[in-house]
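# Residue-level structure breakdown
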Amino acid sequence: MKCPHCGKEIQFAEVCPHCGNKISYGGNTVLYKATRSGKLTYKQIFSNVFKRHTPEDTRRSLVSMPKPGTDMLAVWEKPWLFSRLFVMLLVMSVVLLLQSNAYTTKTDVGVTFLIEFSFVTTLIGPLTIALLIWEMDIHKRVSLVNFLGLVFFGGVVTIALALPLNSSLNWPAWTAGLTEEAVKLLVALAFILLFRRKGLHCLDGLAIGAAVGAGFAFWENIFYAFVNSGDAGIQAMSMWRSFWELFSSHMLYTAPYVGALCYAVNGGKLKLEHFKNRFFLIALAFGMGAHALNNAEDSFGYAILLRFSDSLVFPVYWIQIALAFASWGMLLFMLRKGINQALETNDINKAIDQACTQAHTSVALVCREGTYAGEAFAVKEQPIVIGRKSDMCNLVLPGDPVSRRHGALRLEKGRAVYRDLGSSNGSFINGKRVAPNTDIPLNPGDVLEIGSDAERFEVV
């Protein structure tokens, strides 16, 4: 990015090295340092909520997608829109509740206000939390339109699949935590595959998972509210379930494991091997387990109900309180992983942009794993000779599986071409060993492994 004071190109810094002026990153400098050190807290995430924001801040929060080669933290706005949505929905709920009570509920006007109250109230918890998670997505590959479509349409599909499945199985209540999370995962995967979402990262996955969970929670809340007979039943159920979404939340069950799956994908293409990622398996087990535990009170009877007084409107379930702390903790863990991944991706994109600009080329080789992890090399007509001997190669890899002169990469008619130079352990493109002394054209996204998967590169 450029310094707003002197106009010169700078890397991420609090003070411009050229003119000495302080650089503002929208209040994200503290978050950057905290994430890098692993000390990111919810206090830092929520620090923008009570600040005054301009129309430009709104535009950046809603539509700005950081371009490759730029500092994402200089473009991204920390979450704050979710708090405005929360207040708006809360005020709307109060107004609609007063209006519905002002009319006799037997009249059409009273019933209309009551139905509107139910719809608005059941959105408070799910949509607020989901928007918070969406705002944390620095990449913004999931647009607001896609996000809202996934909340409402994806929620309908999830409910339409989950409720009949639970009814047909007729298993204990706690097993719904397993079946419903499995269905939500399938809907999230369908969105990724049908819309050909490529290049996803952890924060994108968190947003997708939050949208699916919010949609499921909203339609489930509506279903349970209207199953209750009587106007008072609809009011009580709408307020009750929306309140408890802040504690035992479908978004908090679903978002972490979809985020963990996209963390494993890390900007590539979704493959079966990504489902074996340990973070995904842990997050999935946690989501299913927390959901099952939340539903287990009817089956096992060990959820402790404590009333501070007989007149208390909302009794406190300590199981849900414990789940709330655990679920929000899991979300924070995945947010840390996701932001660090985003910053690493940002550094790589800047390295690619710099390498290509200096070499006047549009093709680069990025080291994804190995000696030069995170570095980018411009591919030019002059070959990049890869090998172990420094006097014979200009890209030296010291590992034993690498031959003295292992392979060469060059640019030919605007396209990267690789040739294995008769190496002992071979070269692999997209997992397949290539024939020695043969030119192999490469496409963007192709993965090149030198000798073993310990030295892995990608063409971009």
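Nothing here was measured: the structure is a model prediction, and the numbers come from that model.

## Section: the packing of helix α7 (residues 144-169) against helix α8 (residues 176-194)
Their axes nearest at 9 Å, the elements α7 and α8 cross at an angle of 140 degrees. By the angle between their axes, α7 is oblique relative to α8. In the packing of α7 onto α8, the handedness of the crossing is right-handed. Two secondary-structure elements touch here, α7 through Asn146, Leu150, Gly154, Val157, Thr158, Leu161, Ala162, Leu165, Asn166 and Leu169 and α8 through Ala176, Thr179, Glu180, Val183, Lys184, Val187 and Phe191.

## Focus: the sheet that holds strand β5 (residues 384-387)
Pairing is mixed in the open sheet, where five strands are placed in the order β6-β5-β7-β8-β11. Each of the sheet's edge strands pairs with one partner strand only, and the pair in question is β6 (395-396) and β11 (439-441). For strand β8 (residues 415-420) and β11, the ladder comprises three bridges, and the chain directions are antiparallel. Counted as the bridge partner of arginine 419 is aspartate 439 from β11.

## Regarding helix α11 (residues 250-265)
For α11, with 16 residues, the first-to-last C-alpha span of 23 Å sits near the 22 Å given by 1.5 Å per residue. Across the 16 residues of α11, 15 count as buried, placing the element largely inside the fold. Where α11 begins, the side chain of serine 249 points an oxygen toward the backbone nitrogen of methionine 251, at a separation of 3.2 Å. Directly after α11, the chain includes asparagine 266, whose backbone phi takes a positive value near 50 degrees.

## Focus on the pattern of salt bridges
What the rule picks out here adds up to six salt bridges. Note that glutamate 412 is salt-bridged to arginine 410, the shortest N-O span being 2.6 Å. On the basis of relative accessibility, which here comes to 37%, the residue glutamate 412 falls in the partly exposed class. When salt bridges that share partners are traced, they join Arg410, Glu412, Arg419 and Asp439 into one network.

## Details of the packing of aromatic side chains
Tallying each qualifying case throughout the model produces eleven aromatic pairs. Ring centres 5.5 Å apart and planes at 90 degrees place the aromatic pair tyrosine 372 and phenylalanine 377 in the edge-to-face group. Members of the aromatic cluster, each reached through a chain of ring pairs, are Tyr42, Phe46, Phe82 and Trp328. Over the face of the ring belonging to phenylalanine 216 we find lysine 184, whose NZ or CZ atom lies 5.2 Å from the ring centre. The lysine or arginine in question, arginine 278, covers the ring of phenylalanine 279, its NZ or CZ lying 4.5 Å from the ring centre.

The rules behind each value
Residues numbered from 1 in each chain as written. Predicted model: local features only at pLDDT ≥ 70, side-chain atom pairs only at ≥ 80, totals over all residues. Heavy atoms only, no water. Axes fitted to C-alpha atoms, helices over the stretch in contact; angles between N-to-C directions. Helix = DSSP H or I, 4+ residues; strand = E, 2+ residues; numbered from the N terminus. Parallel < 35°, antiparallel > 145°, perpendicular 65-115°, else oblique. Left-handed = near helix turned anticlockwise from the far one by under 90°. Contact = heavy atoms within 4.5 Å. Pairing = 2+ DSSP bridges. Expected span 1.5 Å × (residues − 1). Buried < 20%, exposed > 50% of the residue type's maximum accessible area, 1.4 Å probe, protein only. Polar contact = N/O pair within 3.5 Å; in protein donor to acceptor, adjacent residues only side chain to side chain. Salt bridge = Lys/Arg side-chain N within 4 Å of Asp/Glu carboxyl O. Phe/Tyr/Trp six-rings, centres within 6.5 Å; stacked < 30°, edge-to-face > 60°. Lys NZ or Arg CZ within 6 Å of the ring centre and 35° of its normal.

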